[in-house]
Amino acid sequence: MTNAGSTRAGLGVTFCGAGIALAIVCLASLLIGAGNTGADLALATLLGQSSNEEARFVVYELRLPRMLMGLAAGAALGVAGALLQAVTRNPLAEPGLLGVSAGSGLAVAIAIALGSSATTLRISVAQLGALAGCLCVLAAARTRGVGSDPIRLVLAGAAFSGLLFALTSLLLLLDQRTADEIRFWLVGSIAGRSMDQVTAILPSMALAAVLILLVIRSLAALALGERTAVGLGHRPELVRLTVVVAVALLVGATTAVAGPIAFIGLVVPFAARALAGSDIRRALWLCLPLGPLTVIGADILSRVVVQPSELPLGVLTAMLGAPVLVAVVRANRLPSL
Amino acid sequence: MSEEHAVPAARLRTRGLHLAYGDASIIEDMNLCFPDAQVTAIVGPNGCGKSTLLAGLARLHAPRGGAVLLDGKDIHRLPTREVARRVALLPQDTQAPEGMTVSELIRFGRQPHQGWLRQWSDEDRDIVAHALAVADLQQLAQRSLDSMSGGQRQRAWIAMAIAQQTPLLLLDEPTSALDLGHQLEVFELIRRQAHTGTTVIMVVHDLASACRFADNLVAMHAGRVIAQGPPDRIITPELIRELYGVECTLLADPVTGTPILAGVRRA
């Protein structure tokens, strides 16, 4: 089996195709909405041919930050999923399924309950929570019998997520003010976010990118087994730790501003591997356009399926992602990583 | 040990090596050297510590005491990348991601020589092509590993180690899961590589293959080396009884002349 994406040129074509699709979806996300501003008016506003103040507000203050948020969240979650899957060697390792998002959610809920609401504080808190979640996942994945069986790891993750969500719910019961703020946030959405929130997560994403570039070669070699990686001069423990920190930075930042958006980290790397082959270096590049493509695409869907109201993005991605999860599990043989 | 007096040139040796898993000592105070440009086979019964020794030599297993010396320096104190430029390793439990092709695998062998300032070069490309040729895999370069026979796959892994261009090559039971024909393919490839001056150290389960394809045997029992030297010199019925607890008659292979075991029975 040699798929088209496994050659350098083939990957370039796939990458460009995904990039073009992403550009189209981005444009569509500025044009399509649940409100009064129709596509024609939005387009006229974008081209500077309309002086409609309301349309201007909708396009530049509502839809543009939302699209940018989708770009950031999609790239971050797609890459984080691919990284987590590479480091646990498990195609089902997804931040949402394994409790990384839930860990970050609980951390944010605690912070809100303690009276915090500053965006920047929330990001670092969410990242700490995500890091704790990641380390638990890593410990579980290294446990004999769990790591070698993808489904067991997901079960362990589900139990862990359940526990964290229960703790979060407990907080909701304790404090009514917190409950309203958290409940809204817990659904996962990129709507109603400000430009400030988008820029607030960029430093984390840049730092994560640097960390990833530092270990990407080693991470690719880890796919050949731990001993082979050592033989090639890599340091597996250091690589895993670096990757986990990068995942925590990405998932934590995204969760802090957009809430937990499930299944992006499963669906996107799954598609990226199908298109680019299993080398993590190629799959990661492809996650960059595919992640935002999925998130923004799902976000557009969330605006139109129940017009004039909107479906929360987190609900929609779960509805799209769950069948993919079932499909992966039901496949004759789980793809090994 | 017949080699005690002459000290052969050996870039890799152990000095008072002590390897243990938790409380269980596997190897104690081992002083051993692996002659340069020769094929050394480590043989012995199950659980004698031969794979542990190889793991120690490959810096996969940190010693409790003593040291593995590479060019006179403790291998655990050398930067791991620097070791990877001198020692290549083929572990027993190899695994490759689904769909990975032969040439993709072999390219990994160049990693120890690459870095931020030195990315993929023409030299790397030539070396990968050379490794493909040595392993007779040119026709299969674009095939995925999981579509190939066990012998072809193992040759691809050895080609990766060859692409690493190291003076030393460590192999842990390179033929353990292969049938006779594929075993031969792999051993012949290893011999070809040894002809170019590479020092090969391998753990081999099958004594007859070890005798045929190695220049130097290290016979281990219960964590100790009980004999070391050329196969035809050290293999005796007594040694085999000591190693495996069996009686046998030694014959010379009518074709290769190397020792083969006949009439094996329990002692």
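Residues numbered from 1 in each chain as written. Chains lettered and ligands numbered in written order. Predicted model: local features only at pLDDT ≥ 70, side-chain atom pairs only at ≥ 80, totals over all residues. Heavy atoms only, no water.

## Section: the overall build of chain A
If you tally the helices and strands in chain A, you get 14 helices and zero strands. For chain A, whose C-alpha radius of gyration is 20 Å, the value lies close to the compact-globule estimate of 20 Å for 337 residues. C-alpha atoms of chain A, sized along the principal axes, occupy 65 × 55 × 35 Å. Buried residues in chain A amount to 56% of all 337 residues. Sequence-distant contacts in chain A: of pairs separated by 6 or more residues, those separated by 24 or more amount to 75%. Surface accessibility of chain A: about 13,900 Å² in total, with carbon and sulfur atoms responsible for 69%. (Helix = DSSP H or I, 4+ residues; strand = E, 2+ residues; numbered from the N terminus. Rg over C-alpha atoms; globule rule 2.2 N^0.38 Å. Buried < 20%, exposed > 50% of the residue type's maximum accessible area, 1.4 Å probe, protein only. Contact = heavy atoms within 4.5 Å. Areas by Shrake-Rupley, 256 points an atom, 1.4 Å probe, with all protein chains shown as cover.)

## A word on a nonpolar patch on the surface
Side chains of A:Ile32, A:Leu301, A:Val304, A:Val305, A:Val306 and A:Leu320 sit close together on the surface and give an oily, nonpolar patch of about 410 Å² of accessible area. On the secondary structure map, A:Val304 appears in helix 13 (residues 280-304). (Patch = residues over 30% accessible without salt bridge, like charges linked within 9 Å, V, L, I, M, F, W, Y side chains within 5 Å. Salt bridge = Lys/Arg side-chain N within 4 Å of Asp/Glu carboxyl O.)

## A look at the domain arrangement of chain B
Residue and element names in this part refer to chain B. In terms of domains, chain B is made up of domain 1 (8-86 + 166-236) and domain 2 (97-165). Listed by partner, the interface residues are 16 residues for domain 1 and 18 residues for domain 2. Carbon and sulfur atoms make up 61% of the surface buried where domain 1 meets domain 2, a total of about 1,400 Å² over both sides. There are one salt bridge connecting domain 1 and domain 2. One salt bridge in this structure joins glutamate 185 and arginine 155, with 2.5 Å as the shortest N-O distance. Between domain 1 and domain 2 we count seven residue pairs in polar contact (both at pLDDT 80 or more) in total. (Domains from an automatic or database assignment. Buried area = accessible area lost by both parts, 1.4 Å probe. Polar contact = N/O pair within 3.5 Å; in protein donor to acceptor, adjacent residues only side chain to side chain.)

## Focus: the sheet that holds strand 10 (residues 224-229) of chain B
Residues and elements named next belong to chain B. Pairing in this open sheet of six strands is mixed, and the strands run 6-7-8-3-9-10 from one edge to the other. Among the strands making up the open sheet, the edge pair consists of strand 6 (87-90) and strand 10. Strand-to-strand twist in this sheet, taken as the mean axis angle between neighbours without regard to direction, amounts to 15 degrees. Relative to strand 8 (residues 199-203), strand 7 (residues 168-172) runs parallel, the two being bridged by five bridges. Its bridge partner lying in strand 8, leucine 168 is registered against threonine 199. Contacting strand 3 (39-43), strand 7 and strand 8, helix 6 (residues 180-195) crosses the sheet at an angle of about 150 degrees to strand 8. (Pairing = 2+ DSSP bridges. Axes fitted to C-alpha atoms, helices over the stretch in contact; angles between N-to-C directions.)

## Describing the sheet that holds strand 4 (residues 65-70) of chain B
Strand pairing in a sheet relies on backbone hydrogen bonds, with the paired strands running either antiparallel or parallel. Residue and element names in this part refer to chain B. Sheet architecture is open: four strands sit in the order 2-1-4-5, paired in antiparallel fashion. Each edge of the open sheet is held by one strand with a lone partner, namely strand 2 (24-34) and strand 5 (73-74). One ladder, built from seven bridges, connects strand 1 (residues 12-21) with strand 2; its direction is antiparallel. Paired with leucine 19 across the strands is isoleucine 27, a residue of strand 2. Running over the sheet, helix 1 (residues 50-57) touches strand 1, strand 2 and strand 4 and is turned about 120 degrees from strand 1.

## Some remarks on the packing of aromatic side chains
According to the stated counting rule, one finds one aromatic pair over all chains in the structure shown. The lysine or arginine in question, B:Arg107, covers the ring of B:Trp120, its NZ or CZ lying 4.0 Å from the ring centre. (Phe/Tyr/Trp six-rings, centres within 6.5 Å; stacked < 30°, edge-to-face > 60°. Lys NZ or Arg CZ within 6 Å of the ring centre and 35° of its normal.)

## What to know about the interface of chain B and chain A
Many analyses report the size of an interface as the accessible area lost when the parts associate. Across the boundary between the two partners, chain B contributes 33 residues, which contact 29 residues of chain A. In total, chain B and chain A occlude about 2,500 Å² of area from one another, counting both sides; carbon and sulfur atoms represent 53% of this. Per-residue buried area on chain B facing chain A is highest for B:Glu98, B:Phe108 and B:Gln111; these three make up 24% of the total on that side. Viewed at the interface, chain A and chain B are joined by seven residue pairs in polar contact (both at pLDDT 80 or more). Contributions of two or more residues to the side of chain B that touches chain A are made by helix 2 (80-84), strand 6, helix 3 (102-107) and helix 5 (150-163) of chain B. Classifying every residue of the side of chain B that touches chain A gives 15 nonpolar, twelve polar and six charged. (Nonpolar A, V, L, I, M, F, W, Y, C, P; charged D, E, K, R; others polar.)

## Notes on the packing of helix 5 (residues 100-113) of chain A against helix 11 (residues 236-258) of chain A
Residues and elements named next belong to chain A. Their axes nearest at 9 Å, the elements helix 5 and helix 11 cross at an angle of 50 degrees. Relative to helix 11, the element helix 5 is oriented oblique. Viewed along their axes, helix 5 and helix 11 form a crossing whose handedness is right-handed. The segment helix 5 lies against helix 11, with Val100, Ser101, Ser104 and Gly105 engaging Val251, Gly252 and Thr255. (Parallel < 35°, antiparallel > 145°, perpendicular 65-115°, else oblique. Left-handed = near helix turned anticlockwise from the far one by under 90°.)

## What about the environment of B:Thr256?
Residues and elements named next belong to chain B. Tracing the backbone through its elements, the reader meets threonine 256 in the loop between strand 11 (246-252) and strand 12 (259-266). Spatially, the C-alpha atom of threonine 256 lies 7.5 Å from that of arginine 212, the residues being 44 residues apart in sequence. Looking at threonine 256, its side chain comes within polar contact range of the side chain of threonine 258, at 2.8 Å.

## Comments concerning unusual backbone geometry
Backbone geometry at A:Arg89 places phi at a positive 55 degrees, although glycine is not the residue there. Along the chain, A:Arg89 falls in the loop between helix 3 (53-88) and helix 4 (95-98). One non-glycine residue, B:Ala37, lies in positive phi territory at about 60 degrees. Note on placement: B:Ala37 falls in the loop between strand 2 and strand 3.

## With respect to the nonpolar core
Core analysis: the biggest nonpolar cluster contains 144 residues, and A:Leu83, A:Leu219 and B:Leu217 have the highest contact counts within it. Here this core gets 13 residues from one element, more than from any other, and that element is helix 11 of chain A. Counting residues domain by domain, this core receives three or more from each of domain 1 (8-86 + 166-236) and domain 2 (97-165) of chain B. The residues contacting B:Leu217, other than those within four sequence positions of it, are B:Ala41, B:Val43, B:Ala210, B:Cys211, B:Ala227, B:Gln228, B:Gly229, B:Pro231, B:Ile234 and B:Ile235. In this structure, B:Leu19, B:Leu32, B:Val83 and B:Met220 belong to the second largest nonpolar core, which totals 27 residues. (Core = buried A, V, L, I, M, F, W, Y, C linked by side-chain atoms within 4.5 Å.)

## Here's the deal with the pattern of salt bridges
Residue and element names in this part refer to chain A. Taken as a whole and assessed by the stated rule, the structure comprises 17 salt bridges over all chains. Here arginine 240 and glutamate 237 are joined by a salt bridge, their closest N and O atoms 3.1 Å apart. Of this pair, arginine 240 and glutamate 237 are both found in helix 11, three residues apart, which corresponds to roughly one turn of the helix. The exposure class of arginine 240 is buried, given its relative accessible area of 6%. Here aspartate 279 ties to arginine 281 by a salt bridge, and the two come within 2.9 Å at their closest N and O atoms. The exposure class of aspartate 279 is buried, given its relative accessible area of 10%.

## Overview of helix 3 of chain A
All names here are of chain A. The first and last C-alpha atoms of helix 3 sit 51 Å apart over 36 residues, in line with the 52 Å expected at 1.5 Å per residue. Helix geometry: helix 3 is bent most strongly at arginine 63, by close to 35 degrees, with proline proline 65 lying one to four residues after it. Along helix 3, 26 of the 36 residues are buried, which leaves the element largely enclosed by surrounding structure. Following helix 3 by one or two positions, arginine 89 has its phi on the positive side, about 55 degrees. (Expected span 1.5 Å × (residues − 1). Bend = angle between axes of the 7 residues up to and from the residue.)

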